[in-house]
Amino acid sequence: MHHYASQLIDLLLVLVGAWMVPATIFAIYAYFAGLRNPITESVFGRAIIISLFIITTSIWLPIIVAAIVLSLIGHLWSRLRVRPRK
């Protein structure tokens, strides 16, 4: 069970990295373009924020909660099985 949780966390990190590429490019562009309010002055900035909100609410939160719950269940299960009986 820990193996699957570890793979899920690795997948989440890859997805975060893939999302951070366009966000970083936009941040660099906003800095050099001299945008005072990059989110409101740029359509691309709005798209970045909207995509982050959609990704977070529809995908990330359930996956993260499921990974934490599965990891906790696996941890508790392994502790109960290792504990010697009296």
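This is a predicted model, so every value here is computed, not measured.

(A) Broad picture of the overall build of the protein chain. Looking only at helices and strands, the protein chain features 3 helices and 0 strands. For the protein chain, whose C-alpha radius of gyration is 20 Å, the value lies well above the compact-globule estimate of 12 Å for 86 residues. Expressed as a percentage of the 86 residues in the protein chain, the buried residues total 14%. Across the protein chain, every contact between residues at least 6 apart in sequence was considered, and the portion connecting residues at least 24 apart equals 56%. Just so you have it, the protein chain exposes about 7,100 Å², and 73% of that area is on carbon and sulfur atoms.

(B) Highlighting the confidence of the model for the protein chain. This prediction gives the protein chain a mean pLDDT of 77; 93% of its residues lie at or above 70. When pLDDT is averaged over each element of the protein chain, helix H3 (residues 43-82) comes out on top at 80 and helix H2 (residues 38-41) at the bottom at 75.

(C) Up close: the environment of alanine 23. Looking at where alanine 23 falls in the secondary structure, it is placed in helix H1 (residues 2-33). Between the alpha carbons of alanine 23 and valine 65 there is a distance of 25 Å; along the sequence they are 42 residues apart.

(D) Inspection of a nonpolar patch on the surface at higher detail. Among the surface-exposed residues, Val65, Val69, Leu70 and Ile73 lie close enough to one another that they form a single nonpolar patch of about 330 Å² accessible area. Relative to the helices and strands, leucine 70 is located in helix H3.

(E) H3, seen in detail. Relative to the 58 Å expected for 40 residues at 1.5 Å per residue, H3 spans 56 Å between its end C-alpha atoms, a close match to the ideal helical length. Remark: the principal bend of H3, roughly 45°, maps to threonine 56. Along H3, the positions that sit buried rather than exposed are Gly45, Ile48, Trp60, Ala67 and Gly74.

(F) Layout of the environment of valine 16. Residue position: valine 16 is located in helix H1. Its relative accessible area of 38% is what places valine 16 among the partly exposed residues. With 42 residues separating them in the primary sequence, valine 16 and serine 58 have C-alpha atoms 14 Å apart.

(G) Local environment of the environment of tryptophan 19. Within the secondary structure, tryptophan 19 is located in helix H1. Along the chain, tryptophan 19 and serine 51 lie 32 residues apart, while their C-alpha atoms are 9.2 Å from each other.

Calculation notes
One numbering rule holds for all chains: residues counted from 1, following each sequence as written. Only residues with pLDDT of at least 70 get local features here, since the model is predicted, and only at 80 or more are side-chain atom pairs given and counted; chain-wide, interface and lining totals rely on the full set of residues. Side-chain numbers come from the whole structure's heavy atoms, not from hydrogens or water. The way it works is that DSSP assigns letters per residue, a run of H or I at least four long becomes a helix, a run of E at least two long becomes a strand, and they are numbered from the N terminus. We compute the radius of gyration over the C-alpha atoms and compare it with the globule rule, which gives 2.2 Å times the number of residues raised to the power 0.38. A simple rule labels every residue: compare its accessible area, found with a 1.4 Å probe on the protein chains alone, to the largest value its type can have, and call it buried under 20%, exposed over 50%, or partly exposed in between. Residue contacts are defined here by distance: any two heavy atoms, one from each residue, within 4.5 Å place the two residues in contact. Note on areas: these come from Shrake-Rupley sampling with a 1.4 Å probe, and a residue is covered only by the protein chains present in the view. Confidence of the predictor at the level of single residues is captured by pLDDT, which takes values from 0 to 100. Without a salt bridge and with relative accessible area above 30%, a residue can belong to a patch; like charges are then joined within 9 Å and nonpolar side chains (Val, Leu, Ile, Met, Phe, Trp, Tyr) within 5 Å. By convention in these notes, a salt bridge is any Lys or Arg side-chain nitrogen within 4 Å of a carboxyl oxygen on Asp or Glu. By this rule, a helix spans an expected 1.5 Å times one less than how many residues it contains. Bending is quantified residue by residue as the angle between axes fitted to the seven-residue window ending at that residue and the seven-residue window starting at it.

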